[in-house]
Amino acid sequence: SGIGSNAITFVGTFTSGSTQASEVGFVYSTTNSVPTIPADANQKDPNAGSPVPNGEFDLNSGPVFSPSTLVYFRAYASSSACLTYGLVLSASLLT
């Protein structure tokens, strides 16, 4: 991930299992230590296509955070059959 004073660039890797994903992205929160959809903010990768190909993807949050804010985030993949999350990570934005 790339961290600035008001934005984060999230980077993830998608590897398909038995079900092809139709969407990948990141979900994040400054208050919920286990961010989920639809409760918390999320961004999907607009370039992923459907089905989503295996490989790396990245998204920039845009300037939505205040400096020094602690942000909890994790990747997700969804299909018509399920929604799957990656591990929760956290980062503090720069001052």
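Parameters at a glance
- Residues numbered from 1 in each chain as written.
- Predicted model: local features only at pLDDT ≥ 70, side-chain atom pairs only at ≥ 80, totals over all residues.
- Heavy atoms only, no water.
- Phe/Tyr/Trp six-rings, centres within 6.5 Å; stacked < 30°, edge-to-face > 60°.
- Helix = DSSP H or I, 4+ residues; strand = E, 2+ residues; numbered from the N terminus.
- Buried < 20%, exposed > 50% of the residue type's maximum accessible area, 1.4 Å probe, protein only.

Right, let's get into the packing of aromatic side chains. Counting across every chain of the model gives 5 aromatic pairs. Pairing phenylalanine 10 with tyrosine 28 gives two aromatic rings, centres 5.5 Å apart and planes at 25°, and the pair type is stacked. In this pair, phenylalanine 10 sits in strand β2 (residues 8–14) while tyrosine 28 sits in strand β3 (residues 23–29), placing the two residues 18 residues apart along the sequence. Each member of the pair, phenylalanine 10 together with tyrosine 28, is buried. For the ring pair tyrosine 28 and phenylalanine 65, a centre distance of 5.5 Å and an interplane angle of 70° mean the geometry is edge-to-face. With tyrosine 28 in strand β3 and phenylalanine 65 in the loop between β5 (55–60) and β6 (70–78), this residue pair connects regions lying 37 residues apart in the sequence. Phenylalanine 65 matches tyrosine 28 in its accessibility class, with the two residues each being buried. Taken together through their ring pairs, the aromatic side chains of Phe10, Phe26, Tyr28, Phe57, Phe65 and Phe73 make up a single cluster.

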